[in-house]
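Given next are the chains, with one letter for each unit.
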Amino acid sequence: MNAIDLKGRIALVTGASRGIGYFTALELARAGAQVIACARTVGGLEELDDAVKAAGGLPVTLVPFDLADMEAIDRLGAAIHERWGRLDILVANAGILGTISPIGHVEAKVFEKVMTINVTATWRLIRTVEPLLVRSEAGRALILSSSAAHKCKPFWGPYSASKAAVEALARTWAGETQRLPLRILSVDPGGTRTAMRALAMPGEDPESVPHPSAVAKALLPLVGPEQRETGKLFQVREDRLVDYRLPE
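Presented here is an overview of the structure given in this document.

Parameters at a glance
Residues numbered from 1 in each chain as written. Predicted model: local features only at pLDDT ≥ 70, side-chain atom pairs only at ≥ 80, totals over all residues. Heavy atoms only, no water. Helix = DSSP H or I, 4+ residues; strand = E, 2+ residues; numbered from the N terminus. Buried < 20%, exposed > 50% of the residue type's maximum accessible area, 1.4 Å probe, protein only. Polar contact = N/O pair within 3.5 Å; in protein donor to acceptor, adjacent residues only side chain to side chain. Contact = heavy atoms within 4.5 Å. Core = buried A, V, L, I, M, F, W, Y, C linked by side-chain atoms within 4.5 Å. Phe/Tyr/Trp six-rings, centres within 6.5 Å; stacked < 30°, edge-to-face > 60°.

**Re the environment of glycine 95**
Step number 1: Tracing the backbone through its elements, the reader meets glycine 95 in the loop between β4 (89-92) and α4 (108-133).
Step number 2: As for glycine 95 and threonine 14, which are separated by 81 residues in sequence, their C-alpha atoms are 8.9 Å apart.

So this is what it looks like as structure tokens:
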């Protein structure tokens, strides 16, 4: 049994066909939420729906589309408004790695795709769902980031830049809405056993990093009405919220 009761709450999860997004959507559904699951992979979304039904959750609303389709993101917000009139939880999880290579060797189309999916689509999603989240008595938004936003390791330029931009968007949004019931957090999941991690760290033993289901369980308390912090970064590995600060 989940300690967090999300019955009656509507949750949108992007990148929900696998990895952290899949297991977060499953945990939300197990806690009683009505989940709207977005991803490109129809098969993965259908597997999620089957898993949620097997767990006794409400049927998942499946929305297969590519986040590069900005007009589709706008239509998603309109469709949620028409059907439910509000949104209680956003988990903006979808993202891509791009290539691990020197900045000067990154192809323009690769850099642009990373920025489109990781940054522009996140902004578009925020713009689309903010009117729905502020209609909730306790809107909660989690924006998935990465330690790459701060470490800025050599060869990780596009991904690091995109996650730093995503955190800037989340922090700005939190500042703009701090007087509202809406609460917004960035999330650093740490190294997790996902397909993206396998691409980035091909020589790593996958058993050496946590399964995405463990990350999903850690995120669940962040989307309940009891969570009141905003504009901070939640580090899953350390199980703590941290403040941002200016360069020293």
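**Describing the side chain of threonine 128**
Step number 1: Within the fold, threonine 128 resides in helix α4.
Step number 2: Look at threonine 128 and you get buried, because its relative accessible area is 13%.
Step number 3: Looking at threonine 128, its side chain comes within polar contact range of the side chain of aspartate 74, at 3.3 Å.
Step number 4: At a separation of 2.7 Å, a polar atom in the side chain of threonine 128 contacts the main-chain carbonyl oxygen of arginine 124.
Step number 5: Excluding anything up to four places from it in sequence, threonine 128 contacts Ile73, Asp74 and Gly77.

**Some remarks on the nonpolar core**
Step number 1: By size, the foremost hydrophobic cluster in this structure holds 33 residues, and its most contacted members are Leu6, Leu28, Leu48, Leu142 and Leu219.
Step number 2: Contributing elements (two or more residues each) for this core: β1 (10-14), α1 (19-30), β2 (34-39), α2 (42-54), β4, β5 (140-144), β6 (183-188) and α8 (212-219).
Step number 3: Looking at this core element by element, the count peaks at 6 residues for α1.
Step number 4: For leucine 28, the contacting residues outside a window of four places in its chain are Leu6, Ala11, Val13, Ala33, Val35, Ile89, Val91, Leu220 and Val223.

**Describing the packing of aromatic side chains**
Step number 1: Inspection of every chain in the model, using the stated rule, returns 2 aromatic pairs.
Step number 2: Ring centres of tyrosine 22 and phenylalanine 23 lie 5.0 Å apart, and the angle between their planes is 70 degrees; this geometry places the pair in the edge-to-face category.
Step number 3: Ring centres of tryptophan 156 and tyrosine 159 lie 6.1 Å apart, and the angle between their planes is 65 degrees; this geometry places the pair in the edge-to-face category.

That is the geometry; function is a separate question.
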